[in-house]
Each structure stands twice: as structure tokens, then as C-alpha cells.
Amino acid sequence: MTEKILFVDDESAVLDGYKRMLHRDFEVHTAIGGDQGLAAIHECGPYCVVISDMRMPGMNGAQFLSRVRQEAPDTVRMLLTGFADMTSAMDAVNEGNIFRFLTKPCEKEVMSKAITSGLVQYRLITAERDLLENTLMGSIKVLTDVLGAVSPEAFGRSMRITRCVRHLVEKLGLDAPWRFEAAAMLSQLGCIALEPDLMQDAYMGTEMTPEDQARFARHPQLARELLVNIPRLEPIAWMISQQLAKDPSRDVPQHPALPQDTITLGAKLLKVAIAFDNFKMQGLSDEEVVERLQARSGEYGRVVVDALTGMKTENSGMELRKIPTARLAAGMVLQQELRNKAGILVVAKGQEITHALLLKLQNFVRLGTIDKETMALVPV
């Protein structure tokens, strides 16, 4: 990808000067004023570095770069200012909105070094995001595949919760959705210590003894203990630990890369997704579930509950078929339990077929220890 630089100023002659000065070393784009700068970011971005003059009519440089931070958080932001604007420039830096500020007039060598530093910073930011969103999520996917092999009930539940959380994140327009999806995918990891019958009773809302209730209520904390020592998963581990808490906004941990309100919101998304799944397991429609949760919006948060509306059902774009178990493929969704000849659950109803699960099922088919046909949702 081309590393593009955007200069924003209210004087076209100044912008032309930057182009002439830097075009041999960088791909320079320009925009007159803050409004055109934001339009350029939407239409021609992403930009690695955005450099704005401080004094501009309507929207000054600090205000413009604050908007850039919201619209394109990865973009490195710099401010050009005169000595008279030094106080406001320092305020902008201290608020964390600006990577660096440059004084006018700015010589070519100083400007070039600043842009080069900005590009290095941009590469670090995007490399970190790639690590989090791809490498780390790949590791989480492996963990969930293992969960599917060890505990089909817990894996099926986590996949249903993940679909719900993914919808909420999209509906609420949340940044860095991988964090919330990771919390959902790993939310049932602590259930590996529980018996299948106990999990089934808990998921179906069956009455349990106080001892069994206490054991089940322990699973979110167990998951946190398993995850908390993995770098960058500390806030996600806390979200998971609060999924059954009455008030997940208490004792929120401090984290350098994630605001406390974001961590709290992650716990609330899990809480409402689990409540949604509990009602669905009782056979209620989506509309009935939302209506019941809205009646308890004080517990779950009205905005989060309202965002449940319009969720696509898992059979959207799919049709129900009875097919040979040997012909199951990744992406299909089982519509019945698969048990082996001893009656032990192999795959839960509602579970999406993954590549790892497919290999496991092929082994059962080859040994002849599961049913030859099954009901599944198949992509049309």
C-alpha cells in the first residue's frame, strides 16, 4: 500500500509549496480547510500521516486533528503552528491528540524527518493491530477448536454467544471488534472443568442444587485464571469473568491500551448475549426475547438491549437438509445433536462445522460410530 501524506491548510499557495518541497520523497496530498480534509480521509484514505495548520477558519488544526483521531485512529497526526499558538499546541499534545507539533516556518529537513518518524510510528501501529487482529485471533481460534473437541456443549454455546456479540458490535459501531468477539469465543472456556449434564442443565435453565449452581457460577473466574497471563488478553479475561455478575461495572481494571468504559461495555455485551441465549434455549422467538430483556433494561442497559433488534438468524441464506454425515462441510450448521454409539455427545445442535470438527467427524464416520445421516443448515 502506498504511504500517503495529507497536508491541510486554509491557503492553497502554502499547500502548493509543501507539494513542491516534498513530492520527490513522499506521496503528498492536500486539502483546503478541515472539512475538505475530513472528506479526503473518507474518500481517499487511509493516510499514514496528516499534518494540519493550527490557524484555520471554522475548524482549527487541533479540532480537525481531534476529528481525524475519531475517524482514522491509526493515522499519525501532526500540527503546524506559529509561536503565538504555542500554548494551544502544547495543550493538544498533552491531551494525546497529536503525535508531534512543528513550528512555522518549517525547513524541509525538519519536515522530512518528522514525516519519516510519523511513518515509522504508523507502521508500528498497524503492525500491532495485525498482531492483535490476526495472529492473536488465530491462536484464540485454536483454543476454541480444542474446546469444541473437549466440550461440544460449551463450544456450541460460545459460538451462539459470538454470533450475538458480533451483531451487537456491528449495530453499535464499536472500534476494535476483535476484543469483544474474542471475549465471546472464550466465554465458556472455564466449562471444560464441568460435566456435560451439569452444563446442559445450566444452559436449559433446569433447576439445580445449590452446590451445582455454585460450581457452574465458578466457570467465568476459571476462564479468567486460564487467560489472564496471556499478554494483551488481560482485559478480555476480566470481561469473561464478569459475564454472570449482577453489576459488571464494579472493580474495572486499569489497562494502558483500553479505557475502563470499553472494558465494562465488553462485559455488558457478554451478559446480554448470554441472557439472549438462555431465553432462546427455552424456545422463545427473537422478538419475545428482546421484549423480555427490554423489561429488564436497567440490568442490561437499554442501548445494548435495543441493539439486539434486527439480528440475522443463523439460517439466513441457508436451507435445512438431511444429508449424509460424511458429506458435512465447513460452514454448515448442525440442526440435531450428534452422539456416538455409547450415547456420548460429539457435537451439539446449532454448532457450526469447522475444519477441525470436520476431521473429528470424519474419523467417527470411518469407524461407523455415529449416525450416517444428519439434519444441517446448508449454504444456498
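This text follows the structure it describes.
Residues numbered from 1 in each chain as written. Predicted model: local features only at pLDDT ≥ 70, side-chain atom pairs only at ≥ 80, totals over all residues. Heavy atoms only, no water.

Engineer: I would appreciate a short explanation of the packing of aromatic side chains in the present structure.
Structural biologist: Given two aromatic rings, their pairing is described by the distance between the two centres and the angle made by the two planes. One pass over the full model with this rule turns up 2 aromatic pairs. Both rings, one in F7 and one in Y18, keep their centres 4.5 Å apart while their planes meet at 20°; by these two values the pair is stacked. Of this pair, F7 sits in strand β1 (residues 4-9) while Y18 sits in helix α1 (residues 12-22), and the two are 11 residues apart along the sequence. Each of the two residues, F7 as well as Y18, counts as buried. Taking the centre distance of 6.1 Å and the plane angle of 80° together, the rings of Y203 and F216 count as edge-to-face. Placement of the pair is Y203 in helix α8 (residues 196-204) and F216 in helix α9 (residues 210-217), with a sequence separation of 13 residues. As far as the burial class goes, Y203 and F216 line up, both buried. Taking the ring centre of Y47 as reference, the NZ or CZ of K4 above it sits at 5.1 Å. (Phe/Tyr/Trp six-rings, centres within 6.5 Å; stacked < 30°, edge-to-face > 60°. Helix = DSSP H or I, 4+ residues; strand = E, 2+ residues; numbered from the N terminus. Buried < 20%, exposed > 50% of the residue type's maximum accessible area, 1.4 Å probe, protein only. Lys NZ or Arg CZ within 6 Å of the ring centre and 35° of its normal.)

Engineer: Would you mind showing me how to read the state of the cysteines here?
Structural biologist: As used here, a disulfide is simply a covalent bond connecting the sulfur atoms of two cysteines. Within the structure shown, the criterion is met by 0 disulfides. No disulfide involves C44; its sulfur sits 14 Å from the nearest other cysteine sulfur, which is in C48. Among the residues examined, C44 registers a relative accessible area of 34% and is labelled partly exposed. Free cysteine C164: the closest other cysteine sulfur is in C191, separated by 17 Å. With a relative accessible area of 1%, C164 lands in the buried category. (Disulfide = S-S within 2.5 Å.)

Engineer: What's the story with the nonpolar core in this structure? I'm lost.
Structural biologist: Looking at soluble globular proteins, one finds that nonpolar side chains tend to be buried together. Ranked by internal contacts, the top residues of the largest apolar core, which has 59 residues, are I140, V165, L168, I240, V272, L293 and L308. Considering each element in turn, this core owes the most residues, 10 residues, to helix α12 (residues 260-281). In terms of nonpolar packing, the next biggest core, distinct from the first, is built from 20 residues, L15, C48, V49 and C106 among them. (Core = buried A, V, L, I, M, F, W, Y, C linked by side-chain atoms within 4.5 Å.)

Engineer: How should the side chain of D277 be read in this particular structure?
Structural biologist: Assignment of secondary structure puts D277 in helix α12. Ignoring sequence-local partners within four residues, the contact set of D277 consists of R157 and R160. (Contact = heavy atoms within 4.5 Å.)

Engineer: Honestly, helix α6 (residues 152-172) in this entry has me stumped. Any pointers?
Structural biologist: Helical geometry: 3.6 residues make up each α-helical turn, so side chains three or four residues apart lie on a common side. Here α6 is 21 residues long and its end C-alpha atoms lie 30 Å apart, about the 30 Å a rise of 1.5 Å per residue gives. Burial analysis of α6 places 16 of its 21 residues in the buried class, which makes it a mostly covered element. Positive backbone phi, approximately 65°, marks G173, located one or two places after α6. (Expected span 1.5 Å × (residues − 1).)

Engineer: I tried to follow the sheet that holds β1 on my own but got confused; where do I start?
Structural biologist: Within a sheet, adjacent strands bond to each other through the backbone by hydrogen bonds, running parallel or antiparallel. The 5 strands lie next to each other as β2-β1-β3-β4-β5, forming an open sheet whose pairing is parallel. If you trace the sheet from one side to the other, it starts and ends with β2 (27-32) and β5 (100-103), each paired once. For this sheet, the mean inter-axis angle between neighbouring strands, taken without regard to orientation, is 20°. With 4 bridges connecting them, β1 and strand β3 (residues 49-53) associate as parallel partners. When the sheet's bridge partners are listed, I5 is paired in β3 with V49. Packed on one face of the sheet, α1 meets β1, β2 and β4 (76-81) and runs near 180° to β2. (Pairing = 2+ DSSP bridges. Axes fitted to C-alpha atoms, helices over the stretch in contact; angles between N-to-C directions.)

Read these as spatial facts, not as claims about activity.
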